[in-house]
Amino acid sequence: SGDLPLGLLDVRLSGVVQLASGLPFNVVTGTDDNLDGFLNERPEGVPRNAGEDAPLGPIDAIRLAEGLTPAPALDEPDFAQLDLRLYRPFRREGGVEGQLYLQVFNLFNRENVGLIEGRVTSENFGRPIGLAGPPRTVELGLRVGF
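The model shown is predicted, which means the values in this text are computed figures rather than measured ones.

Enquirer: With reference to specific residues and values, describe the overall build of the protein chain.
Expert: Of regular secondary structure, the protein chain possesses 1 helix and 5 strands. In the protein chain, the succession of helices and strands from N to C terminus is β-β-α-β-β-β. Its C-alpha atoms give the protein chain a radius of gyration of 24 Å, clearly above 15 Å, the size a compact globule of 146 residues would have. Here the C-alpha coordinates of the protein chain stretch approximately 75 × 30 × 20 Å along the principal axes. A burial count over the protein chain gives 32% of its 146 residues as buried. Put simply, of all contacts in the protein chain between residues at least 6 apart along the chain, 55% involve residues at least 24 apart. Accessible surface computed for the protein chain: about 9500 Å², of which carbon and sulfur atoms make up 56%. Each charge sign in the protein chain was given a centre, from 13 positive and 21 negative side chains, and these centres are 14 Å apart.

See the structure below:
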C-alpha cells in the first residue's frame, strides 16, 4: 500500500498488492467407507491437506474403479491482485471536505480461484469450484464529510 501525489492538480494514487500461496485442499474418497456418517475418508497413503502433493497412484486406483478418468496433475493456484485508487481530495468553506475517486480492484482482471474439488469420485476432482475474489471491478465515487 502507498500514496503518491501526482502533480499540480493534487491528484493522488495509492495501491494495494495482495499475494498469497494457494489454499491446501483435502483429498477425500467421497464415500463413507467406515460408516460413521461422514464423507471424509482419505485414499490409502494420502495425508490430510495433501493438496497438490497428494500421490496420484491411490487416487487414480479409486477413480478407475469408479469408471472415471485418471486425475489431472494437481495444483493449488496462487492468489495475486493489484488494486489502485486515483483520488483528489478537496476542502470547502464551512468545514466540508472530501474526495473524488476512481478505484479499480483486480486491475489485471486475474482469475483468482478459491477452493479445489477434493472428492476423488467427483468428475471435477482437482479443479477449482469457486473464486477467491471478483473479476476487475471499477468504482467512481464521491466521499463528503461535514
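Back to the write-up after that little detour.
Enquirer: An account of unusual backbone geometry is requested, with residue identities and associated values reported.
Expert: With a phi angle near 55 degrees, Asn106 is a residue other than glycine that sits in the positive phi range. What makes Asn106 buried here is its relative accessible area of 2%. Phi is positive for Asn109, which is not a glycine, with a value near 55 degrees. Mapped onto the fold, Asn109 is located in the loop between strand S4 (96-105) and strand S5 (137-145). Residue class for Asn109 comes out partly exposed when judged on its relative accessible area of 38%.

Enquirer: Any details on the nonpolar core? Residues and values, ideally.
Expert: Judged by nonpolar contacts, Phe25, Val27, Val46, Ala50, Ala54, Ile59, Ala71, Leu74, Ile116, Val120 and Phe125 together constitute the single largest core of 11 residues. Those residues in contact with Ala71, other than ones at most four positions away along the chain, are Leu56, Ile59, Asp60, Arg63 and Phe125.

Enquirer: I'd like to hear about the pattern of salt bridges, residue by residue, with values.
Expert: Inspection of the entire model under this criterion finds 3 salt bridges. In this structure, Asp10 and Arg12 form a salt bridge, with 3.3 Å as the shortest nitrogen-oxygen distance. Salt-bridge contacts for Glu97 lead to Arg91; the nearest nitrogen and oxygen are separated by 3.4 Å. On the basis of relative accessible area, Arg91 is assigned to the exposed category, the value being 66%.

Enquirer: Give me the lowdown on a negative patch on the surface, citing residues and values where you can.
Expert: Among the surface-exposed residues, Glu52, Asp53, Asp75 and Asp78 lie close enough to one another that they form a single negatively charged patch. Mapped onto the fold, Asp78 is located in the loop between helix H1 (56-65) and strand S3 (79-92). The class for Asp78 is partly exposed, based on a relative accessible area of 45%.

Reading the values: the criteria
Along each chain, residue indices are assigned from 1 in the same order as the chain's sequence is written. Reporting of local features is limited, given that this is a predicted model, to residues whose pLDDT is at least 70; pairs of side-chain atoms are given and counted only at 80 or more, and all residues count toward the totals for whole chains, interfaces and linings. The side-chain figures draw on all heavy atoms in the structure; neither hydrogens nor water molecules are used. Secondary structure elements are defined from DSSP: runs of H or I of at least 4 residues count as helices, runs of E of at least 2 residues count as strands, and each element is numbered from the N terminus. The reference for a compact globule is 2.2 Å times residues^0.38; the radius of gyration itself is calculated from the C-alpha atoms. For each residue, the accessible area found with a 1.4 Å probe, counting protein chains only, is set against the maximum for its type, and the residue is called buried under 20%, exposed over 50%, and partly exposed in between. Here a residue-residue contact requires only that any non-hydrogen atoms of the pair lie within 4.5 Å. Note on areas: Shrake-Rupley with a 1.4 Å probe; residue coverage comes only from the protein chains shown. Charge counting treats Lys and Arg as positive and Asp and Glu as negative, with His and both chain ends excluded. For this purpose, a charge sits on NZ of Lys, CZ of Arg, CG of Asp or CD of Glu. Buried Ala, Val, Leu, Ile, Met, Phe, Trp, Tyr and Cys residues form a nonpolar core when they are joined through side-chain atoms within 4.5 Å. The salt bridge criterion pairs a side-chain nitrogen of Lys or Arg with a carboxyl oxygen of Asp or Glu, the two atoms within 4 Å. Patch definition: residues above 30% relative accessible area lacking any salt bridge, with like charges linked at up to 9 Å and the nonpolar side chains Val, Leu, Ile, Met, Phe, Trp and Tyr linked at up to 5 Å.

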